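Letter by letter, the chains look like this.
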Protein chains: 2
Amino acid sequence: MYRSHNCGELRMDHVGQEVTLSGWVQIGRDLGGMTFVDLRDRYGITQLAFNLDDNADLCMQARKLGREFVITAVGKVRERSSKNPDRPTGNIEIEVTELKVLNAAKTPPFTITEETDGGDDLRMKYRYLDIRRNAVKDNIIFRSKLGLETRKYLTSQDFVEIETPFLIKSTPEGARDFVVPSRLNPGQFYALPQSPQTFKQILMVGGMDKYFQIVKCFRDEDLRADRQPEFTQIDCEMSFVTIEDILNTFEGLTKHLFKYTLDIDLGDFPRMEYDEALKRYGSDKPDLRFDMEFVELNDVAQNAGFSVFDDAELVVGICAEGIADSYSNKDMKKLTEWMQRPQIGAKGLVYVKFQADGSIKSTVGKFFDDDQLRAWGAKFDAKPGDVLFIVSGEAEKSRKQLSELRLEMGRRLGLMKKGDFKPLWVIDFPLLEWDEESERFHAMHHPFTSPKQEEIEKMLNGDHETMKSLKADAYDLVINGAEIGGGSIRIHDRELQSKNFDLLGFTKEEAEEQFGFLLGAFEYGAPPHGGLAFGFDRLCAVMNGQSSIRDFIAFPKNNQGRDMMIDAPSPVDQTQLNELKLELGEIETKEEA
Amino acid sequence: MYRSHNCGELRMDHVGQEVTLSGWVQIGRDLGGMTFVDLRDRYGITQLAFNLDDNADLCMQARKLGREFVITAVGKVRERSSKNPDRPTGNIEIEVTELKVLNAAKTPPFTITEETDGGDDLRMKYRYLDIRRNAVKDNIIFRSKLGLETRKYLTSQDFVEIETPFLIKSTPEGARDFVVPSRLNPGQFYALPQSPQTFKQILMVGGMDKYFQIVKCFRDEDLRADRQPEFTQIDCEMSFVTIEDILNTFEGLTKHLFKYTLDIDLGDFPRMEYDEALKRYGSDKPDLRFDMEFVELNDVAQNAGFSVFDDAELVVGICAEGIADSYSNKDMKKLTEWMQRPQIGAKGLVYVKFQADGSIKSTVGKFFDDDQLRAWGAKFDAKPGDVLFIVSGEAEKSRKQLSELRLEMGRRLGLMKKGDFKPLWVIDFPLLEWDEESERFHAMHHPFTSPKQEEIEKMLNGDHETMKSLKADAYDLVINGAEIGGGSIRIHDRELQSKNFDLLGFTKEEAEEQFGFLLGAFEYGAPPHGGLAFGFDRLCAVMNGQSSIRDFIAFPKNNQGRDMMIDAPSPVDQTQLNELKLELGEIETKEEA
């Protein structure tokens, strides 16, 4: 027997009991005649005590234990003379009578502590050591719990978890597929799914009514920070539902998850139309933990001779409270430069400072008198001490720029509070996006998304301009400015689906080649249906107030898509390539990035 | 709103209520002035009633509905005049007042009924129609429930569900990997996991203590009947455990699953050593729903001048009860031929018939008198009416042959009762198998399996012959003759692991190249650990008394690894191959099989 208890469970109640514990040596301390060893496992840390006078041999053994040695200790639980109130086991210690080293350990390349001295690359390479750290371990345990609660809730609502295949068919639409050469069908390839989208729709045609799956998906994209080539979705689909049914079901799921993992009651989720979200926050995923709403100033700021404003499609601003006196001219200049970086691309930044003494300072003081500026301030309910930041230009661009500034000011002013959660349904997304460059429409959500019921007629018979204005029954769940998931009511009518493929520039043959089985299925009695997918990795991170998904994934890949621990991908045997009837093309040596 | 209720829930209590139902038209019946339509969804079937006199238009509409049309019906629940006791909703029907066709349907290529007229290929191509059949639908729902109960049980035992990566590293050992070319690392490949074996061991080194995952695995094998290139495992690993801890935990899981999905109490599982299983049943996965144990006859059947027996390493038989008078000479001849088929390869089959009248008939009557044959019978407790079947030759082969016969007789005699479940732990598997042909050892389980504690010394210092006799801490769970899963205590000591790789013919470099990260991890404090994996597809099938796993998989592939519905695998664009720096080799036209 390796243990009678784990390292996190012994309390004063256990004093006097003989116990056996196993775990890792966190740290040893020699205090004259006593040696203390902190023994750690997943459940906690328990102090082992050795007395040189009582058992010199054993104590000397204990002194030789290195960090991360794996040991078993037998002994009696006793009350500690100097208690540690920060540790659940801090009232007791083990008076050790037997000690066995199960495995020695080399000195780890970084410390196994809350805050580690290991850099990212080192932590990835030695992920098994990193996982021993509470910071990572707790995230992984949280993820497990979140998965279980998701399953409990959805099955309680009659959802069936159904595994869809991983070896599917490649479709050139959307992001790049990972492909898998088939040995039994040489020259042919499977693809790994970017999502189970078509399969879940097929399941609805198959009458499964309510489907879900927590499932890995794959996208061969150039990796940006915090993207993974494989990621996990909570994927769902329902039949005979309206948008209302879907939003209520997944609002229920989200509330359940917050309640049963964090003990937080979220309350009802507000809803906002896409157009309104853009108008009020410049973003389709506004962070509602703070207001700082956009106010449009065209009516008061234009036609006053300031050509930058006069020529703009939109003049729009936000009000940052209480910073007028603490933000120096230099700070303002820096902020302007921050807005002018290529990532944001603002031409400039206008500000109006309502100083505590009642005076006003502004970059556009030459063009507007104090009364005019006060009229602006009134639109924001600005008080002395507040600052207006104003951008102008083409509407869409200006909103995006100001949205970035809003988030930045939210961060600086500490308005994005940890532990504060503000969910939001963004609804009524556009159906199609017109791409000026390729002169074609893209699906805003995906090609199976239905226009809103009342738009179907317009879609079937409208002209090109009409198509640009079509709204979809598509929705996103946003929490604290992060897109947690999204979905839509799907088209279940073959004619409407064909029209959509047509608008998206698929020829009949292409549509048939890629989605023929789905279009075929639609002819055998497809029910009205819709669904949604949550990004599971992101949900984990947002619920824990963390910005990176990486430490919620046991074995993440780095930004080159490489698993640093196992060193994958890697070359394969020529035999294997021969069996697959594949040859390697000429491979250029990688340039330095 | 598409529905107020589903098609399976209305009862006498609901009579008088106005309801809205949606679903598929199962069948319509015109009876003079009345038309009845059976409306089906996942939850059941409800009868819709239309009266020609009351509403001629509506009734005519109903008569035009085709099979599998998707409709919504509004109406009042009323008591049926002619009730259907076979259907939960059979006491009521809906007096329809509104009818809406949501989607028409072509006539399905096979009937959507319990027993269908569709062949396998057709059912696979139109899987969405096949799934509408109760037979398939119920299996898929069962699978979902089994998954949830697995998760509930294991998390209640402190297991953490942890997702391991799908894009990993190819290892030439074992079955063939599916590989995935990496675009970001041209010329390099990921592999899809055959199991998360190394990752779960790494998680133990990482201190996760108890891991599980219900996870897809991949094997690029030539497909035999009832094998799938992608399959699902319940995968588990535990730290600081002995074999006893593991068997108890997963016996607990299995009992829980039977209890909470089938309401069956399994009782405690017997255990049997591998050697004993072979000796008593000729198989390491004996079906214990019936006895028909092997009896060895060397002591009574040899040295009597029958050279076939005299020259044999083993003479072994079984006793089939009560068939002496019903099995004719012709039947016996056929059975002998069945045993001589190349799949089994017996040289012949000896029988001894103890006929009801007390007389004895035997193929070896020339060599043995009735007293001798009665002495054989006594060893089996044979009664008049019983028949002994005896094979002889090389021990291992004879046992395998007789095992096949035992199963065949069990089938013929109806001894494999549906609803009867006989679990068994088979333990103490050999560590290594000697392959005469390649003159090397193979791992019986896998290369990380530990020899039994008491064999470690022998393994480190023994000679070649000693290696053949080593027993492992490896175990299989068998239910009704099917291997549900297996596992082992792992080696956690780098030296012992190196020795094992050495025995298995890996050079130091190969071991380092393929498993370096695991060997490396073992140097940083690896705890004693072990685990097991259940075949989830197989478990589903066995629990439902079905022999094929295919209908427990929503979208199975056929024996060529092809998804008939989506037609995958398929060729990919040249652009995609170029991006992957891959060229197709010369592909021979497939020969007709």
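Everything in this summary refers to the structure shown in the same document. Here the structure is a predicted model, which means the values were calculated and not measured. (Residues numbered from 1 in each chain as written. Chains lettered and ligands numbered in written order. Predicted model: local features only at pLDDT ≥ 70, side-chain atom pairs only at ≥ 80, totals over all residues. Heavy atoms only, no water.)

**A short note on the overall build of chain A**
Helices and strands together make up the secondary structure of chain A, namely 18 helices and 23 strands. Principal-axis analysis of the C-alpha atoms places the extent of chain A at approximately 90 × 80 × 55 Å. Out of the 593 residues in chain A, the part that is buried amounts to 58%. Once local pairs closer than 6 in sequence are excluded, the contacts in chain A between residues at least 24 apart make up 66%. As displayed, chain A offers around 24,800 Å² of accessible surface, 45% of which is attributable to carbon and sulfur atoms. Computed over 76 positive and 102 negative side-chain charges, the separation of the two mean positions in chain A equals 6 Å. (Helix = DSSP H or I, 4+ residues; strand = E, 2+ residues; numbered from the N terminus. Buried < 20%, exposed > 50% of the residue type's maximum accessible area, 1.4 Å probe, protein only. Contact = heavy atoms within 4.5 Å. Areas by Shrake-Rupley, 256 points an atom, 1.4 Å probe, with all protein chains shown as cover. Lys, Arg positive; Asp, Glu negative; His and termini not counted. Charge placed at Lys NZ, Arg CZ, Asp CG, Glu CD.)

**Considerations on the interface of chain A and chain B**
Listed as interface residues are 124 residues of chain A and, on the opposing side, 124 residues of chain B. Counting each side, the surface lost to burial between chain A and chain B is near 11,200 Å², with a carbon and sulfur contribution of 60%. Three residues stand out in chain A for area buried against chain B, namely A:Glu163, A:Phe240 and A:Tyr524, and they jointly supply 8% of the buried area on that side. At the surface where chain A touches chain B, the tally comes to 14 salt bridges. A salt bridge links A:Asp220 to B:Arg183, with the nearest nitrogen and oxygen atoms 3.1 Å apart. For the pair chain A and chain B, the number of links is 60 residue pairs in polar contact (both at pLDDT 80 or more). Per-element tally for the side of chain A that touches chain B: the top contributor is helix 4 (residues 134-156) of chain A, with 9 residues. Of the residues in the side of chain A that touches chain B, the class split is 64 nonpolar, 25 polar and 35 charged. Where strand 23 (residues 582-584) of chain A meets strand 23 (residues 582-584) of chain B, 3 bridges bridge the pair, whose relative direction is antiparallel. The residue bridging A:Leu582 from the neighbouring strand is B:Leu584, located in strand 23 of chain B. (Buried area = accessible area lost by both parts, 1.4 Å probe. Salt bridge = Lys/Arg side-chain N within 4 Å of Asp/Glu carboxyl O. Polar contact = N/O pair within 3.5 Å; in protein donor to acceptor, adjacent residues only side chain to side chain. Nonpolar A, V, L, I, M, F, W, Y, C, P; charged D, E, K, R; others polar. Pairing = 2+ DSSP bridges.)

**Let's talk about the pattern of salt bridges**
Residues and elements named next belong to chain A. For the structure on display, the rule yields 114 salt bridges over all chains. Residues arginine 411 and glutamate 408 are paired through a salt bridge, measuring 3.4 Å at the closest nitrogen-oxygen approach. Taken together, the positions of arginine 411 and glutamate 408, both in helix 12 (residues 395-412) and 3 residues apart, correspond to about one turn of that helix. With relative accessibility at 47%, the residue arginine 411 sits in the partly exposed group.

**A look at the sheet that holds strand 4 (residues 70-79) of chain B**
Residue and element names in this part refer to chain B. Pairing in this closed barrel of 5 strands is mixed, and the strands run 1-2-3-5-4 around the ring. Sheet twist, expressed as the average angle between the axes of neighbouring strands with direction ignored, equals 55°. Looking at chain direction, strand 4 and strand 5 (residues 92-103) are connected through 10 bridges and run antiparallel. Looking at the pairing, valine 70 lines up with asparagine 103 of strand 5. This element, helix 1 (residues 56-63), spans strand 1 (18-31), strand 2 (34-41), strand 3 (44-51) and strand 5 of the sheet and lies at about 65° to strand 5. (Axes fitted to C-alpha atoms, helices over the stretch in contact; angles between N-to-C directions.)

**What about the sheet that holds strand 14 (residues 350-354) of chain B?**
Residues and elements named next belong to chain B. Overall, antiparallel pairing links the 5 strands, which are arranged 12-13-16-14-15 in an open sheet. The two strands at the open ends of the sheet, each matched to only one other strand, are strand 12 (295-296) and strand 15 (360-362). Sheet topology places strand 13 (residues 314-320) next to strand 16 (residues 387-393); 7 bridges connect them, and they run antiparallel. Of the residues in strand 16, the one forming a bridge with glycine 317 is isoleucine 390.

**As for the state of the cysteines**
For the structure on display, the rule yields 0 disulfides over all chains. No disulfide involves A:Cys7; its sulfur sits 19 Å from that of A:Cys59, the nearest cysteine. What makes A:Cys7 buried here is its relative accessible area of 0%. Cysteine B:Cys217 shares no disulfide, and the gap to the nearest cysteine sulfur, in B:Cys236, comes to 12 Å. Residue B:Cys217 is classed as buried on the basis of its relative accessible area, which comes to 1%. (Disulfide = S-S within 2.5 Å.)

**So, the relation of the copies chain A and chain B**
Between the two copies of the chain lies a rotation about an axis combined with a shift along it. Mapping chain A onto chain B calls for a screw motion: a turn of 180° about the axis and a shift of 0.0 Å along it, with 0.1 Å RMSD after fitting. In symmetry terms, the pair is related by a two-fold rotation axis. (Least-squares fit on C-alpha atoms with pLDDT ≥ 70 in both.)

Such coordinate-based values are descriptive only and should not be taken to indicate function.
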